[in-house]
Amino acid sequence: SLGYAQVGIYGDVYIAADQVLAIHTPATHFVEGIVRTDSNLPGHMSFMPNNHGIAPHAGSHVDANVVSIETPEFVFPTGNQGVYQPLKVSEGDAAALSARFEFSAHSNKQLSGDVTSISNRFYWNINGDKNAKISLSWNTFSEIDTFASEIEALVILGFNGSSWEHIEAQLDPLNFDGSPTTIASGAIISKEKINFSQYEALTLGAVTLSTAIEVNRGLTPNGDGINDVWVIENIENYPQAQVRVYNRWGVEVYAVVNGYNNDWRGTYKNDVLPAGSYYYIIDLEADNKIDREGWLYISE
């Protein structure tokens, strides 16, 4: 095919054998255009230490293998077929990692464990023995709602050569661009570091959640190990939940945002509240809508 490129070379950029484009400059700006190689050929774009792609988007990204070398935190500016969809590593070691985005379904759909569904739209091929946390992104092209009925069911999947397995992860409140995570676009990050050598590919899938919220209406914070804390079953599936408790005069005696950890012991300003009835409200998605409300009774 016919094309053109304008590249300023000052010892920071070079083209090596096997279609390798290596970037040394500390800040690389994708101004316009897409770096692309044939998927059947070994070409790739390498980012050296402390080098990051700046401001990639749907019209400017790397439609090829992207290699990050000796960088603990890196956003891979990957895309395919005009769709920009990055992934990110953080808290990583010095080992190199290669990633390539494919805007298509993976040929293998074998699921393991509690995984119930898998994306039929995208995945990333990966190669390397890096240890790091992994963050995956999605956008409107990802059509998350076709395989996950609710955002809390989303999980990271790793292909181990024979099947897709569940990698423990949690929703990131913010997408890579700083916008709030929603079902339309967002990000999810692994809870622990993973060894990338265990996987050939990564994508998103879903598990079946028990999302029914069950509120314990009784609390006896007397230290006997029974009902010492206020328990809201399955509240962990709502990391943005806001929970508030008021006394009978409408004074707020407890409040928490960004998730409740089932750890309130009926205290207010470090003192156990008097026995009696208390009114609670729960906003599961932090959207200013009350999803649950009722009365909680504290006794000795």
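We now turn to the structure provided with this report. Keep in mind it's a predicted model, so treat the numbers as computed, not measured.

### Remarks on the overall build of the protein chain
- Looking only at helices and strands, one finds zero helices and 31 strands in the protein chain.
- Residue burial in the protein chain is summarised as follows: out of 300 residues, 45% are buried.
- Sequence separation of at least 24 residues holds for 57% of the intrachain contacts in the protein chain that already meet a minimum separation of 6.
- Roughly 15300 Å² of accessible area belongs to the protein chain as shown, and the carbon and sulfur atoms make up 48% of that amount.

### Topic: the layout of surface pockets
- Its boundaries defined by the atoms lining it, the second largest pocket holds a volume of some 740 Å³.
- Lining the second largest pocket are 30 residues, with Glu152, Gln170, Leu171, Asn237 and Pro239 positioned closest to its centre.
- Of all the secondary-structure elements, those providing two or more residues to the lining of the second largest pocket are strand E17 (154–159), strand E19 (169–172) and strand E20 (186–190).
- The dominant element in the lining of the second largest pocket, judged by the number of residues it contributes, is E19, at four residues.
- Split into classes, the residues belonging to the lining of the second largest pocket amount to 16 nonpolar, seven polar and seven charged.

### A short note on the environment of Val215
- Looking at the secondary structure, you find Val215 in strand E23 (residues 214–215).
- Put simply, Val215 and Asn234 are 19 residues apart on the chain and 9.4 Å apart in space, counted from C-alpha to C-alpha.
- With residues near it in sequence (within four places) discarded, Val215 still touches Trp230, Val231, Ile232, Tyr280 and Ile282.

### Regarding the side chain of Asp228
- Examined against the element boundaries, Asp228 turns out to sit in the loop between strand E24 (218–219) and strand E25 (232–233).
- A distance of 3.1 Å separates a polar side-chain atom of Asp228 from the backbone nitrogen of Gly223.
- Among the polar contacts listed, one links the side chain of Asp228 to the backbone nitrogen of Gly225, at a separation of 2.6 Å.
- The residues contacting Asp228, other than those within four sequence positions of it, are Leu219, Thr220, Pro221, Asn222, Gly223, Trp264 and Arg265.

### Concerning the pattern of salt bridges
- A complete count under the given rule lists five salt bridges for this structure.
- The structure contains a network of salt bridges with shared partners spanning Asp63, Arg100 and Glu102.

### Structural notes on the environment of Met45
- With respect to the secondary-structure elements, Met45 resides in strand E5 (residues 44–47).
- For the pair Met45 and Val66, spaced 21 residues apart in sequence, the C-alpha to C-alpha distance is 5.0 Å.

### Topic: the side chain of Asn139
- Tracing the backbone through its elements, the reader meets Asn139 in the loop between strand E16 (131–138) and E17.
- Looking at Asn139, its side chain comes within polar contact range of the main-chain nitrogen of Phe141, at 2.9 Å.
- The residues contacting Asn139, other than those within four sequence positions of it, are Val83, Tyr84, Gln85, Ala184 and Ser185.

### A few points about the nonpolar core
- In terms of nonpolar packing, the biggest core is built from 37 residues, with Ile134, Leu136, Phe196 and Leu204 touching the most fellow members.
- Secondary structure elements with two or more residues in this core: E5, strand E9 (74–76), strand E12 (87–90), strand E13 (97–102), strand E15 (123–128), E16, E17 and strand E22 (201–207).
- Looking at this core, the element that brings in the most residues is E16, giving four residues.
- Within the second largest apolar cluster, 22 residues are counted, among which are Tyr238, Val243, Tyr254 and Ile298.

### A look at the sheet that holds strand E31 (residues 292–298)
- In spatial order, the strands read E24-E31-E30-E26-E27; together these five strands make up an open sheet with mixed pairing. Of all the strands in the sheet, the pair left with one neighbour each is E24 and strand E27 (252–256).

Criteria and thresholds
- Residues numbered from 1 in each chain as written.
- Predicted model: local features only at pLDDT ≥ 70, side-chain atom pairs only at ≥ 80, totals over all residues.
- Heavy atoms only, no water.
- Helix = DSSP H or I, 4+ residues; strand = E, 2+ residues; numbered from the N terminus.
- Buried < 20%, exposed > 50% of the residue type's maximum accessible area, 1.4 Å probe, protein only.
- Contact = heavy atoms within 4.5 Å.
- Areas by Shrake-Rupley, 256 points an atom, 1.4 Å probe, with all protein chains shown as cover.
- 1 Å grid on protein atoms, 1.4 Å probe; cavity = no way out; pocket = protein on both sides within 12 Å on 5 of 7 lines; lining within 4 Å.
- Points joined across faces, edges and corners; volume = space filled by probe spheres on them.
- Nonpolar A, V, L, I, M, F, W, Y, C, P; charged D, E, K, R; others polar.
- Polar contact = N/O pair within 3.5 Å; in protein donor to acceptor, adjacent residues only side chain to side chain.
- Salt bridge = Lys/Arg side-chain N within 4 Å of Asp/Glu carboxyl O.
- Core = buried A, V, L, I, M, F, W, Y, C linked by side-chain atoms within 4.5 Å.
- Pairing = 2+ DSSP bridges.

Geometric descriptors of this kind do not, in isolation, establish any biological role.
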